[in-house]
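# Commentary on secondary and tertiary structure
The residues making up each chain are set out below.
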Amino acid sequence: MNRSQAKLTQGIDWPIVGLYLALVIIGIMSIFAAEYRGDDNVWQDIIHPGKNYSRQLIWLGISLVLAAVIWLTDSKFFTATANLMYAGGLLLLLLVLGIGKDVKGSHSWLVIGGFQFQPAELTKLCTNLALAKYLSSQETDFTKLRSRLIAAALALIPAGIIILQDETGLALVYFSFFLVMFREGLPGVLLVIAFSGIVLVLSALLVDRTVLFIIFTVITALVIYFSRREIKRKRSRLALILGVYAFCGLFVMFIVPFVFTKVLKDYQVRRIEVMLGKENDPKATYNTRQSMIAIGSGGFWGKGYLKGTQTRYDFVPEQSTDFIFCTIGEDFGFFGSVIFLAIFVALLFRIIFVAERQRSTFTRVYAYGVASIIFFHLAINIAMTIGLAPVIGIPLPLVSYGGSSLMTFTMLIFILLRLDADRQMVLR
Amino acid sequence: MSVFNQPRKRVIQMIILGMVILIITRLFFLQIVEKKYAKLADANAVLRKVIYPSRGIIYDRQNRSILGNDVLYDLVVTPASVKNIDTAYLCNILKIDTEEFRKRIITAIVKNGRVRQSVFAPLLAPEVFGQLQESMYLFSPGFELVPRQIRSYPYAAAANILGYIAEISPAMLKDTANYSSYNSGDYLGFTGLEKTYESVLMGQRGIQYLIKDNLNRPQGSYENGEFDSAAIAGKNLRLSLDVELQVLGEKLMKGKSGSIVAIDPQTGGILAMVSGPSFDPNLLTGPYRSANFSKLYTDTTKPLFNRAIQATYPPGSTFKPMIALVGLDEGVITPSFGYPCGGAYYGCSRPIKCEHHDAGHAANLRLALSHSCNSYFSHVYRLSVDAGKFGGIKVGGMQKWADYMNSFGFGHKIGIDIPSEGRGLVPDKKYYDARYKGSWNSCTSVFLGIGQGELLLTPLQMANAMCIVANRGSFYIPHFVASIDNDNTHLLDKYKEKHDVAHISDTAYSAVIHGMTDVVESGTGRIAQIEGITIGGKTGTAENYGIVNGVRTKLKNHAVFVAFAPAEKARIAIAVIVENSGFGAKYAAPIASLMMEKYLKDSISTKRQPLLKTVMETVTIDAAMLAKSHLDSLNNNAVIKKKTP
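Residues numbered from 1 in each chain as written. Chains lettered and ligands numbered in written order. Predicted model: local features only at pLDDT ≥ 70, side-chain atom pairs only at ≥ 80, totals over all residues.

Below, the discussion takes up the sheet that holds strand 20 (residues 572–578) of chain B. Residue and element names in this part refer to chain B. If you walk across this open sheet you meet the five strands as 12-11-20-19-18, and the pairing is antiparallel. Only two strands of the sheet have a single partner each, and these edge strands are strand 12 (270–276) and strand 18 (536–548). Between one strand axis and the next, the sheet turns through 10° on average, direction left out of account. Sitting on the sheet, helix 11 (residues 243–252) touches strand 11 (258–263) and strand 12, and the angle it makes with strand 12 is about 25°. Its contacts with the sheet put helix 21 (residues 588–601) on strand 11, strand 12, strand 18, strand 19 (551–565) and strand 20, and the angle it makes with strand 20 is roughly 150°. (Pairing = 2+ DSSP bridges. Helix = DSSP H or I, 4+ residues; strand = E, 2+ residues; numbered from the N terminus. Axes fitted to C-alpha atoms, helices over the stretch in contact; angles between N-to-C directions. Contact = placed C-beta atoms within 7 Å.)

Below, the structure written as structure tokens:
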């Protein structure tokens, strides 16, 4: 009896399980706080699900059952079906495009018998598995451009479909896979180039074109001046500098305006402008402002659990989903927020630690994928609530209310635990 | 391998730590360094005030405001601050009992909580407001008067077009997919332009933070308004409607049931749309809205029913120009085609009577139109649907004819920019197959040729058909809004697009237009003449059947008149229907003519003033129905004083 029990949980990484449970419990408590009005009969509501926290408890139950099923599954199942799951995920996304339902302005929900489900959440898992499968395959030589393009396509195709569903926030998360690819050997210079590209697009939108052109010209002149010796030695260097200069000029003067007037639709342009703060969207600023007031009013120690006035009286919108961090910030203050973030950092670092101890590339890539997805969600979500990022509706992993999200993150983590338990095997 | 990759792991860890440190730094400033936020959250120190945006104003084509905003007051309550007040006195002013007072306070607490404001008594009537304002110091700080804009209609016209706004319902609030930007207590457009253009008219609510003193009195803005969000006013609409023409139309339709639709054929902009009898839109604003609404809703004359777009009628003889166009385009007739009518059409088993029997009254299309010869158009209709090139009526003929009708805008919604437009009915092959189980021919539907039978059109469709004739084959979708101030929407795009109808030749149109000008010059519509202007018109008398006590009974005919002027380059196309008033020329034609004169010449000549007076005084609504209606007394008692134009 004792021996079979030991077998059942053998190899499980308890720190990750502990951190997972801690976050989920904090989440349910926060959702409860966000809905608590002071005179509710708590027990009745838990039995009779009409509130988000009791519904979240049900989702947790379902997630734990899923976790158990995953734990009992053979590791090879995940490597064997990775590509199949990816294809299935893509099909599901396309299906949503056709028969999906609009919820809060995004066309990304499937309704099956009264249950609402967002496949865009689940496809993160499928994509992660497929990417791990591809990068661990023996034919893949990740130093080759072709392999890198295929890997990028694997990550970006679902993102593209999700953008068509008007769920730009979730699509953004798929860029987290570039962090995984960086770990697997994507040259660091690419990260720098991607970063410069984003800066270039943003500056093209925010800065007057003539000014930008003058700035480019000055920078180019300075670069030429400082590297004049090198240019004397190597003529091609000058051509490279002038080429980059010409490209930047062309990009800013023609390509960006063309895309914005001819390719993108009007409402898309407006949404981007709102995001950049170029056009003021009063609703978006209202949400951020209310959330900053709630968090800011928490002070150092916080107002105490269930004592926050801002979250309690519905001042903060979407407070059990996207703005759940407000409840933590207001009730537990700076102290509580730092501890909360520390739990997340601990989880992320533990996952990276687990990743690095793997023998099989599949598990390592998969683990880095899990860490990157959680990190992107965490960074974007919290930055949004404290006014560092525009309002992009993505949930805080394991904490925000929402069944699709909780189930997806549970599956992501428990598949990792299963793979890690079998780290002596070489999985492909 | 592991050694080689070590730095990359470090880089990723650094990125994570960097981001978290950035967040913690920001939190440090938000939660510890800045004290502003803590104060903002403290309801005792800072007053949070919602600023309602002013709703967009609607102007007519001469930039006269026909729908603006007035201010009324709400009494709002903050339950937590209600202490030691003279409840009985407040109840006395509001004319409620203490039980009701308690109930409202509890409702407020349930809805919004104790520290947030809730509306205690909405939109106070002016006399109540006056009394309350004097004694407000007795009830503060728990109670407060908050200004709230309500809609006002200075011309008291165009009620069914402009529509009304009302408080959002709990069911709508739950529908977060469509109404997520509304809060409880918000008002939104329920009908008419108020509904269609809700997204531009509504504006954006703002929030203002005010410092309070210990007695809860606002002491000025907090942190120089750094946290305030300004309310953004709704955008104004500019209509193609001419409000003076609209007012005239409503006066002309007084005591009559029916409608007038006048359109500018060059743009598709609607100049006037009257549904008679009409009501004063001010009845549906302010504190008496719900009481008035139920009165209007139950009134026997159905004033809330916009007959101009919702009611459907057989067009009668006014339909003959369209029959002619189809015949000409299919090539089954030419403008010189004649028919030997001797007083009736004998082509089908039952003869169809014609008003004329002298030889040669239908010797060509122009004569047949001006004499409105029933035989001629019954014959042309049958020629069109039976045409051999479509393989006969059951193969392609009927469907082809129905296609023509659809391209004229009949049988489907045209797409006007106010809701609840009717479709009308164009019978096609499927319709007759179902109805007659396959055994039918062109005689079954021969009455379509004279605009009777199964065919049903809305007045809007009839007016739009006149635009098509006047423009010789093109139209713009009829619409009210010519422009939106600072427009960045695509709401108006579909109204800027020109639609070409079938591809009927110019000569076909010329023949029809000539026939129609003859109608007014020398034919059945002479009463519509206006000095110095050539008018193309067509009278019609729509036979009207209803079910009375379970038996299909012939009721009094509807008078119909359609016209456009000036015939050379039309600036106005019009359709008038006066229900149950008999022959088309009697009331419908004079109403149309007076409307066109007013629009084209800006005033009605002295010579025609007596006609104007007679028409306005005529009552055609059934006396029994009128006796039960309270519409007139309602209109005369509208709360908001009208500004006389």
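For chain A, the average pLDDT comes to 83, and 86% of its residues sit at 70 or higher. Across chain A, element-level confidence peaks in helix 17 (residues 325–356) of chain A with a mean pLDDT of 94 and bottoms out in helix 3 (residues 42–47) of chain A with 56. (pLDDT = per-residue confidence, 0-100.)

Every contact between the two is made by 39 residues of chain A and, on the other side, 34 residues of chain B. Breaking the side of chain A that touches chain B down by element, the ones donating at least two residues are strand 1 (101–103), helix 9 (177–183), helix 15 (282–296), helix 16 (309–312), helix 17 and helix 18 (361–385) of chain A. Grouping the amino acids of the side of chain A that touches chain B by side-chain chemistry returns 24 nonpolar, nine polar and six charged. (Nonpolar A, V, L, I, M, F, W, Y, C, P; charged D, E, K, R; others polar.)

Before going further, it helps to examine unusual backbone geometry. For residues other than glycine, phi is negative in most cases, and the peptide bonds are mostly trans. Residue and element names in this part refer to chain B. P277 follows G276 through a cis peptide bond whose omega is -5°. With respect to the helices and strands, the residue P277 is situated in the loop between strand 12 and helix 12 (289–298). A565 connects to P566 through a cis peptide bond whose omega is -15°. Within the element layout of this structure, P566 appears in the loop between strand 19 and strand 20. Not every positive phi belongs to a glycine, and A158 is a case in point at roughly 60°. Its location among the elements puts A158 in the loop between strand 5 (143–152) and helix 6 (159–162). For A158, a count of 29 C-beta atoms within 10 Å gives the class buried. A positive phi is found at D602, a non-glycine position, where the angle reads about 75°. With respect to the helices and strands, D602 occurs in the loop between helix 21 and helix 22 (609–617). (Buried ≥ 20, exposed ≤ 12 C-beta atoms within 10 Å, placed from the backbone.)

A separate point is the nonpolar core. One finds A262, M466, I574 and M595 of chain B to be the most contacted residues of the largest nonpolar core, which totals 147 residues. Looking at this core element by element, the count peaks at nine residues for helix 19 (residues 459–470) of chain B. (Core = buried A, V, L, I, M, F, W, Y, C linked by C-beta atoms within 7 Å.)

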